[in-house]
Amino acid sequence: ETLGGIAWMYGVSLEQMLKINPEVNPNAMSAGIQVLIPAETVVPANQTPLPTAVNLPLEGLNCLPSAEEGVWCFAWVNNITSTDFENIEVSFNVADMEAQEVFSLQAGSALNVVRSGEKIPVGVYFSAPMPQPFQFSAQFHAGIPLGMAGRYVETSVNELVVSTNTSEDSAVVRGKINTPQGMKQVRIAAIALDGQGRIVGLRRMEKSFTESITSTDFDFPVYAAGNSPIDQVIVLAEAQP
């Protein structure tokens, strides 16, 4: 959750939230932090706040068995709206062919924000043992309109080098993330695709800095699920000031 998302769910402005939580930095909220909400706006206990009524379409749903009889599932969330969203969640479902056993998991996207007109990858792992063979499905679960401006800065991926191993089941990505505005936190997602453009592997890396910087290197591997050969790797990034 973000402070802007919490404000949106409870129907108050971000300015109101900041006024009664002056010690909270909305750009650097740690897990477990507690925030105050204006009493007159608290959602009644018998109601569940819905993050958003939109239903962003999913594309390229792909589920693959792992060597230890688990299942990896991947999909793209396509933001076809004119609004930027954050805190994307997707519900994945895996079942045996008769649908007698059904397993469901919710997963967040690899990066926090999906801009208008862009796509963002989501992946989840179902631990072994899972039905073999299996059927699968997925649904968009939730997303929150991006709140206060300036919480994310423009980034670019430069000098990208992708080195795929001889068996084509893993690759190493190297390059630089640059921003003209300075960043203290960056998230990088490497998305491995097969020859048909389906996601077969997904890896995320985060880096934090004590001082604002405008460039940082990255170098990490991404692995394919289900012995699927990697044909291409896409690298996406986002940064916060």
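All of these numbers come straight from a predicted model, not from anything done at the bench. (Residues numbered from 1 in each chain as written. Predicted model: local features only at pLDDT ≥ 70, side-chain atom pairs only at ≥ 80, totals over all residues. Heavy atoms only, no water.)

1. Let's talk about the overall build of the chain
We apply this condition: We count a stretch as a helix when DSSP gives it H or I for four or more residues in a row; a strand needs E for two or more, and each element gets its number in order from the N terminus. We take the radius of gyration over the C-alpha atoms and set the globule estimate at 2.2 Å times the residue count to the 0.38 power. Burial classes follow relative accessibility: with a 1.4 Å probe on protein chains only, a residue under 20% of its type's maximum area counts as buried, one over 50% as exposed, and anything between as partly exposed. Contact criterion: two residues are considered in contact whenever any of their non-hydrogen atoms come within 4.5 Å of each other.
When helices and strands are tallied, the chain shows two helices and eleven strands. Seen in sequence order, the chain has helices and strands lined up from the N terminus as α-α-β-β-β-β-β-β-β-β-β-β-β. The C-alpha radius of gyration computed for the chain amounts to 19 Å, which stays within 12% of the reference 18 Å derived for 241 residues, consistent with globular compactness. By principal-axis analysis of the C-alpha atoms, the chain measures approximately 55 × 50 × 30 Å. Scored against the burial criterion, the 241 residues of the chain give a buried share of 40%. Of the contacts formed within the chain by residues at least 6 apart in sequence, a portion of 67% connects residues at least 24 apart.

2. Description of the environment of M130
By the element assignment, M130 lies in the loop between β6 (119-126) and β7 (135-145). The class for M130 is buried, based on a relative accessible area of 8%. With 62 residues separating them along the chain, M130 and E68 place their C-alpha atoms 9.3 Å apart. Contact partners of M130, with chain neighbours within four places excluded, come to E69, G70, V71, V94 and F103.

3. Concerning the environment of S91
Along the chain, S91 turns up in strand β3 (residues 85-95). Under the relative-accessibility criterion, S91 is labelled buried at 12%. Each C-alpha atom, one on S91 and one on V122, is 9.9 Å from the other, the two residues being 31 residues apart in sequence. Once you skip the residues sitting within four places of it in the chain, S91 turns out to touch L105, Q106, S137, A138, Q139 and H141.

4. Points about the state of the cysteines
Counted only if it meets this: Note that a disulfide, as used here, is simply two cysteine sulfur atoms within 2.5 Å.
The full count for this structure, using the stated rule, is one disulfide. Sulfur-sulfur distance for the disulfide between C63 and C73 comes to 2.0 Å. Where C63 bonds to C73 through sulfur, the torsion about that S-S bond is close to 115°, and the disulfide is right-handed. Taken as a pair, C63 in strand β1 (residues 58-65) and C73 in strand β2 (residues 71-78) lie far apart in primary sequence, ten residues in all. Looking at C63, the relative accessible area reads 6%, which means it is buried. Exposure remark for C73: the relative accessible area of 0% places this residue in the buried category.

5. Comments concerning the nonpolar core
A general tendency of soluble globular proteins is for nonpolar side chains to be buried together. To be explicit about the condition: We define the nonpolar core as a collection of buried residues of types Ala, Val, Leu, Ile, Met, Phe, Trp, Tyr and Cys that are connected through side-chain atoms lying within 4.5 Å of one another.
In terms of nonpolar packing, the biggest core is built from 50 residues, with V71, C73, V77, F92, F126, I188 and V233 touching the most fellow members. Residue assignment for this core shows that the elements contributing at least two residues are β1, β2, β3, β6, β9 (170-193), β10 (199-223) and β11 (232-240). Ranked by the residues each element gives to this core, the list is headed by β9, at eleven residues. Setting aside its immediate chain neighbours within four residues, V77 contacts L56, P57, L58, I88, V90, V114, E118, K119, I120, V122 and F140. Of all hydrophobic cores here, the second largest spans seven residues; its members include L3, A7, L14 and V24.

6. Observations regarding the pattern of salt bridges
Let me state the cut-off plainly: In what follows, salt bridge is the name for a side-chain nitrogen of Lys or Arg lying within 4 Å of a carboxyl oxygen of Asp or Glu.
Within this structure, the stated rule accounts for eight salt bridges. The partner of D84 in a salt bridge is R115, and the shortest N-O contact between them spans 3.0 Å. Of this pair, D84 sits in the loop between β2 and β3 while R115 sits in the loop between β5 (113-114) and β6, and the two are 31 residues apart along the sequence. Look at D84 and you get partly exposed, because its relative accessible area is 24%.

7. Regarding the packing of aromatic side chains
Rules: Two rings from Phe, Tyr or Trp (for Trp, the six-membered ring) form a pair when their centres are within 6.5 Å of each other. A pair whose planes differ by under 30 degrees is stacked, one over 60 is edge-to-face, and the rest are tilted.
In total, this model carries four aromatic pairs according to the counting rule given. Geometrically, the ring pair formed by F218 and F220 is tilted, given 6.2 Å between the ring centres and 55° between the ring planes. Exposure class is identical for F218 and F220. Each is buried. An aromatic cluster of three or more residues is present, and its members are W72, F74 and Y125.

8. What about the side chain of S66?
Basically, it comes down to this: Under the rule applied, a polar contact is a pair of N or O atoms within 3.5 Å (in protein, one hydrogen donor and one hydrogen acceptor; residues adjacent in sequence only if both atoms are side-chain atoms).
Residue placement: S66 occurs in the loop between β1 and β2. At 2.8 Å, the side chain of S66 forms a polar contact with the backbone nitrogen of G70. For S66, the residues in contact, after removing those within four places along its chain, are V71, W72 and Y125.

By themselves, these are just geometric observations and shouldn't be taken as functional.
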